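Structure assessment
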Amino acid sequence: ANSVEEQKFSLKEVLDTFSLCLSENKEVYIEHYVEGWRGLVRFMNSLGSVFSFISKDAVNKIEILAKFFNGENGTHYSTIQSMVKYELDNGLVDLAKRDKYPESGCRTLLRLHRALRWLELFLERLRTSSEDCKTSVMCSEAYNESLAQHHAWIIRKAAGMAFCVLPGRPTFFEVMNVGTSEQVVSMLGDALPLISEVYDITEKLYAQHELLQLP
Ligand code: 1PX
């Protein structure tokens, strides 16, 4: 935690990335979406190595999407909307069970999309919490309302154990490197509507195309 780069690290910059996600006509840019996740993973890594099994999976998914984005069909992966259209039109998504395309952009992004709901719920709890609230409780409540419903028992168990070692609210706010707790609360108030909007747009798109249960 001593390098200059890590000292400059602020959660505000990370959450700002999500504001860049939305195009004028409300499409979601994959490039910024993935960048946002990279920053969140960096933040999580700074909390300790217990979270590495979580960040490993997140990084894996980030890299899958980055590879599509930077690959020869990259233009189709400019936005979530264009990705969905391209992969569906070309039969590049396993709809019933994992088979020929176990790592499609659509199913990979869906995992991050579900995690974004966890983030939204967790940040909203942090924003409205009082000083003596426990981050581990806020985190597991947010998790149980979102991601947990898609996770096997063993993953839920491991996640629960990781939440227990989350630092308390004061340390947590400090690591965010945003300033006083009032400043953290106001920053969260600015960031949350944008995160919600990105989430809602993606959710609607996936629902329209019946992609919310992709294996
Ligand atoms: C101020 C708050 C900032 C906190 C930033 C934290 C960033 C968290 C990044 C979490 C990304 C999790 C992605 C999980 C994707 C997923 O659901 N993968 C599962 C399914 O994938 P598959 O390919 O098999 O269909 C996979 O099984 C997951 C394995 C890893 C365990 C995931 C536990 C998720 C807990 C999320 C809460 C993170 C708590 C961090 C505390 C700060």
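The shown structure was predicted, so the numbers you read here are calculated from the model rather than taken from an experiment. (Residues numbered from 1 in each chain as written. Predicted model: local features only at pLDDT ≥ 70, side-chain atom pairs only at ≥ 80, totals over all residues. Heavy atoms only, no water.)

Before going further, it helps to examine helix H5 (residues 80-89). Regarding H5, the residues found buried are Ile80, Gln81, Met83, Val84, Tyr86 and Glu87. Looking at the buried positions of H5, the neighbouring elements they touch are helix H3 (30-45), helix H4 (52-70), helix H6 (105-128) and helix H10 (181-208). Looking one or two places after H5, you find Gly91, whose phi comes out positive at around 60 degrees. (Buried < 20%, exposed > 50% of the residue type's maximum accessible area, 1.4 Å probe, protein only. Helix = DSSP H or I, 4+ residues; strand = E, 2+ residues; numbered from the N terminus. Contact = heavy atoms within 4.5 Å.)

A few words on the pattern of salt bridges. Tallying each qualifying case throughout the model produces ten salt bridges. Residues Arg125 and Glu145 are paired through a salt bridge, measuring 2.8 Å at the closest nitrogen-oxygen approach. Here Arg125 is found in helix H6, whereas its partner Glu145 is found in helix H7 (residues 135-145), with 20 residues between them in sequence. For Glu145, a relative accessible area of 43% puts it in the partly exposed group. Linked through salt bridges whose partners overlap, the residues forming this network are Glu35, Arg38 and Glu63. (Salt bridge = Lys/Arg side-chain N within 4 Å of Asp/Glu carboxyl O.)

Formed by 67 residues in total, the largest nonpolar core has its most connected members in Leu15, Tyr33, Ile80 and Met83. If one sorts the elements of this core by residue count, H6 sits on top with twelve residues. Once residues lying within four places of it in the same chain are set aside, the contact partners of Leu15 are Leu40, Leu123, Met187, Leu188, Ala191 and Ile195. (Core = buried A, V, L, I, M, F, W, Y, C linked by side-chain atoms within 4.5 Å.)

Right, let's talk about the site of the ligand for a bit. In the region of the ligand, 24 residues are neighbours, and Asp57, Lys61, Arg107, Arg111 and His151 sit closest. Contact distances for the ligand include 2.7 Å between a nitrogen atom and a side-chain N or O atom of Asp57. Arg111 has a polar side-chain atom sitting 3.0 Å from an oxygen atom of the ligand. Across the complex, the protein chains shield 91% of the 930 Å² of accessible surface that the ligand would expose by itself. (Near = heavy atom within 4 Å. Polar contact = N/O pair within 3.5 Å; in protein donor to acceptor, adjacent residues only side chain to side chain. Areas by Shrake-Rupley, 256 points an atom, 1.4 Å probe, with all protein chains shown as cover.)

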